[in-house]
Amino acid sequence: QVQLVESGGDLVQPGGSLRLSCVASGKFFIVNAMGWYRQAPGKQRELVATITSGGSTNYADSVKERFTVSGDNAKNMVYLQMSSLKPEDTAVYYCYARVRDRSRLYDTDYWGKGALVTVSS
């Protein structure tokens, strides 16, 4: 019912910058929140950053001084600006959205397929 498509994953050197984008499409009433999670090899998926339609944000402690999440409500898009990248940031980054369905009664979480970010010399 809802599709999330990420773009912007790439190979980048330590200390470099990268911007990820994600757009939500499909049949829904409204998107309440969007954001990013990541999963490194052999580790659990973890929160990176989220933003609500009202503009409230939250970040993982490991990224809060280096990453910035932003959104565009009119376009149902979310962005992640990543700076001062470290090798430990290497992971598959998954777009996330919490969506109110067309009945206006229920919220459902959706996930994109992921974008690979590799930080290496």
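That block above? That's the structure.
Rules behind the numbers
- Residues numbered from 1 in each chain as written.
- Predicted model: local features only at pLDDT ≥ 70, side-chain atom pairs only at ≥ 80, totals over all residues.
- Heavy atoms only, no water.
- Helix = DSSP H or I, 4+ residues; strand = E, 2+ residues; numbered from the N terminus.
- Rg over C-alpha atoms; globule rule 2.2 N^0.38 Å.
- Buried < 20%, exposed > 50% of the residue type's maximum accessible area, 1.4 Å probe, protein only.
- Phe/Tyr/Trp six-rings, centres within 6.5 Å; stacked < 30°, edge-to-face > 60°.
- Pairing = 2+ DSSP bridges.
- Axes fitted to C-alpha atoms, helices over the stretch in contact; angles between N-to-C directions.
- Disulfide = S-S within 2.5 Å.

Engineer: In this structure, what is going on with the overall build of the protein? I would like to understand it.
Structural biologist: Per the secondary structure count, the protein includes 0 helices and 11 strands. When the helices and strands of the protein are listed from N to C terminus, the series reads β-β-β-β-β-β-β-β-β-β-β. In terms of overall dimensions, the protein is globule-like: its C-alpha atoms have a radius of gyration of 14 Å, near the 14 Å expected for 121 residues. With the principal axes as the frame, the protein shows a C-alpha extent of 50 × 25 × 20 Å. Looking at the protein as a whole, 38% of its 121 residues are labelled buried.

Engineer: Would you mind going over the packing of aromatic side chains with me for this structure?
Structural biologist: Within the structure shown, the criterion is met by 3 aromatic pairs. Aromatic side chains Tyr-37 and Tyr-96 sit 5.6 Å apart centroid to centroid with 65° between the ring planes, which places their arrangement in the edge-to-face category. One end of the pair, Tyr-37, is in strand E4 (residues 30-39); the other, Tyr-96, is in strand E9 (residues 91-100), with 59 residues separating them in the sequence. Here Tyr-96 falls in the buried class, since its relative accessible area comes to 8%. Three or more aromatic residues link up through ring pairs in this structure, and these residues are Tyr-37, Tyr-96 and Trp-111.

Engineer: How do you make sense of the sheet that holds strand E8 (residues 77-82) when you look at a structure like this?
Structural biologist: Whether parallel or antiparallel, the strands of a sheet pair through hydrogen bonds between backbone atoms. Sheet architecture is open: 4 strands sit in the order E1-E3-E8-E7, paired in antiparallel fashion. Each end of this open sheet is capped by a strand with a single partner; those strands are strand E1 (2-7) and strand E7 (67-72). Strand after strand, the sheet turns through a mean of 15° between neighbouring axes, direction not considered.

Engineer: What exactly am I supposed to notice about the state of the cysteines here?
Structural biologist: What is meant by a disulfide is a covalent connection between two cysteines, made through their sulfur atoms. Here the structure, examined in full by the defined rule, presents 1 disulfide. Note that Cys-22 is cross-linked by a disulfide to Cys-95, the S-S spacing being 2.0 Å. Since a negative S-S torsion denotes a left-handed disulfide, the Cys-22-Cys-95 link at about -90° is left-handed. Taken as a pair, Cys-22 in strand E3 (residues 18-26) and Cys-95 in strand E9 lie far apart in primary sequence, 73 residues in all. Here Cys-22 and Cys-95 have matching classes, each one buried.

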